[in-house]
Amino acid sequence: MIECNHGTVVISDESDIIVARKTIREVSEKLGFSLTDVTRIVTAASELARNIFVYAGSGVMSWCILDTGNLVGIELTFEDHGPGIADLKQVMQEGYSTSKGLGLGLPGSRRLMDDMEIRSRVGEGTTVVVKKWRRG
Ligand SMILES: Nc1ncnc2c1ncn2[C@@H]1O[C@H](COP(=O)(O)OP(=O)(O)OP(=O)(O)O)[C@@H](O)[C@H]1O
Ligand SMILES: [Mg+2]
């Protein structure tokens, strides 16, 4: 796997979510994703960045271009040192929320992207990694 380009956006304020969205829109447009896929990627990035802000207070989003030689994609990593998640199965269920949200951010992001991995430890923090491959 050749990772030729990457960047980070610190999420510590609500306005940083806008910066994260704008950054990911630009990167995925440059990569040649379809308009629909750009919207999917930006929506997932927005939800995952918002989760950092709401549950952890602050964290970092990083993006990375994936190039296998015949496949191009984007990988987004959302890392925080917030409270962590005790039950990963529970938070992936649609409608589960500890903040009176809709409980759709994580399950929705998983559907919008090709791949999602969550690592979390209570008291240490959470890392969510999502990937999307360009079609055609
Ligand atoms: N980074 C995080 N750190 C700690 N807990 C988290 C984090 N992200 C999500 N969670 C937990 O997972 C639950 C589900 O998250 P999800 O984004 O799916 O829904 P929500 O944020 O509650 O509502 P919505 O995103 O639909 O507004 C949250 O309510 C919260 O308890
Ligand atoms: Mg959410």
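Conventions adopted
Numbers given to residues run from 1 along each chain, matching the order in which its sequence is written. The order in which chains are written sets their letters, starting at A; the order in which ligands are written sets their numbers, starting at 1. Predicted model: local features are reported for residues with pLDDT of at least 70 only, side-chain atom pairs are reported and counted for 80 or more only, and whole-chain, interface and lining totals are derived from all residues. Going along the chain from the N terminus, every DSSP run of H or I of four or more residues is numbered as a helix, and every run of E of two or more is numbered as a strand. Each radius of gyration is computed over the set of C-alpha atoms, and the globule rule expresses the reference value as 2.2 Å times the number of residues to the power 0.38. With C-beta atoms placed from the backbone, a residue is labelled by how many other C-beta atoms lie within 10 Å of its own: buried for 20 or more, exposed for 12 or fewer, partly exposed between the two. In this entry, near means the residue's backbone-placed C-beta atom lies within 6 Å of the molecule or strand. Throughout, the ten residues Ala, Val, Leu, Ile, Met, Phe, Trp, Tyr, Cys and Pro are labelled nonpolar, Asp, Glu, Lys and Arg are labelled charged, and all others, Gly among them, are labelled polar. All axes are obtained by fitting lines to C-alpha atoms, using only the stretch in contact for helices, and the reported angles, taken between N-to-C directions, cover 0 to 180 degrees. The cut-offs work like this: below 35 degrees is roughly parallel, past 145 is roughly antiparallel, 65 to 115 is roughly perpendicular, and the gaps in between are oblique. Throughout, a crossing is termed right-handed when the near helix is turned clockwise from the far one, and left-handed when it is turned anticlockwise from it by less than a right angle. Once C-beta atoms have been placed from the backbone, residue pairs whose C-beta atoms lie within 7 Å are recorded as contacts. In plain words, the nonpolar core is the set of buried Ala, Val, Leu, Ile, Met, Phe, Trp, Tyr and Cys residues that C-beta atoms within 7 Å link up. Strands were regarded as paired on the criterion that DSSP finds at least two bridges between them.

**Student:** Now, about the overall build of the protein: what can you tell me, with residues and values included?
**Tutor:** Secondary structure summary: the protein contains four helices and five strands in total. Ordered by position from N to C terminus, the α and β elements of the protein give β-α-α-β-β-α-α-β-β. Computed over C-alpha atoms, the radius of gyration of the protein comes to 14 Å, within 12% of the 14 Å expected from 2.2 N^0.38 for 136 residues, which places it in the range of a compact globule. Projected onto its principal axes, the C-alpha coordinates of the protein cover approximately 40 × 25 × 25 Å. Residues classed as buried in the protein amount to 28% of the 136 residues present.

**Student:** Please give an account of the site of ligand 1 that cites residues and values.
**Tutor:** Around ligand 1 sit 22 residues, and of these S97, T98, G101, G105 and L106 come closest. Going through the elements one at a time, α2 (35–56) and α4 (105–112) are the ones with two or more residues in the shell around ligand 1. The leading source of residues in the shell around ligand 1 is α2, at five residues. Residues belonging to the shell around ligand 1 are distributed by class as follows: 11 nonpolar, nine polar and two charged.

**Student:** Please set out the packing of α2 against α4 residue by residue, giving values where relevant.
**Tutor:** It is the contact of α2 with α4, at a shortest axis distance of 9 Å, that shows an interaxial angle of 150°. Taken together, α2 and α4 sit at an angle that is classed as roughly antiparallel. Once α2 is placed against α4, the crossing between them reads as left-handed. Contacts from R40, T43, A44, E47, L48, R50 and N51 in α2 reach G105, G108, S109 and L112 in α4. Residues that form the contact of α2 with α4 fall into these classes: three nonpolar, five polar and three charged.

**Student:** Just give me the short version of the nonpolar core, but keep the residues and values in it.
**Tutor:** Of all hydrophobic cores here, the largest spans 22 residues; its most connected members are I24, A45, A49, M61 and L76. With eight residues, the top contributor of residues to this core is α2. Residue contacts for A49: discarding those within four places in its chain leaves I11, I17, A20, M61 and F78.

**Student:** Break down the pairing of strand β5 (residues 125–133) for me, with residues and values.
**Tutor:** Within a regular beta strand, the side chains point alternately toward one face of the sheet and then the other, so they alternate between its two faces. Residues T126, V128, V130 and K132 line the buried face of β5, whereas the alternating positions G125, T127, V129, K131 and W133 sit on a face that is not buried. Where strand β3 (residues 72–80) lies against β5, eight bridges are found, and the strand directions are antiparallel. From the neighbouring strand, D80 faces β5, where its bridge partner is T126. Bridge count for strand β4 (residues 115–121) against β5 is seven bridges, and the pairing is antiparallel. By the bridge assignment for β5, E117 is matched with V129.

**Student:** Tell me about the packing of helix α1 (residues 14–30) against α2, and please be specific about residues and values.
**Tutor:** Running from N to C, α1 and α2 point in directions that differ by 155°, and their axes come no closer than 9 Å. Put simply, α1 runs roughly antiparallel to α2. Remark: the crossing between α1 and α2 carries right-handed chirality. Counted together, E14, I17, A20, R21, I24, R25, S28 and E29 of α1 and V38, I41, V42, A45, S46, A49, R50 and F53 of α2 form the full contact between these two elements.

**Student:** So, unusual backbone geometry: which residues are in play, and what are the values?
**Tutor:** Even without glycine at this site, K100 takes up a positive phi of about 60°. Secondary-structure assignment places K100 in the loop between α3 (88–91) and α4. With 6 C-beta atoms counted inside 10 Å, the residue K100 sits in the exposed group.

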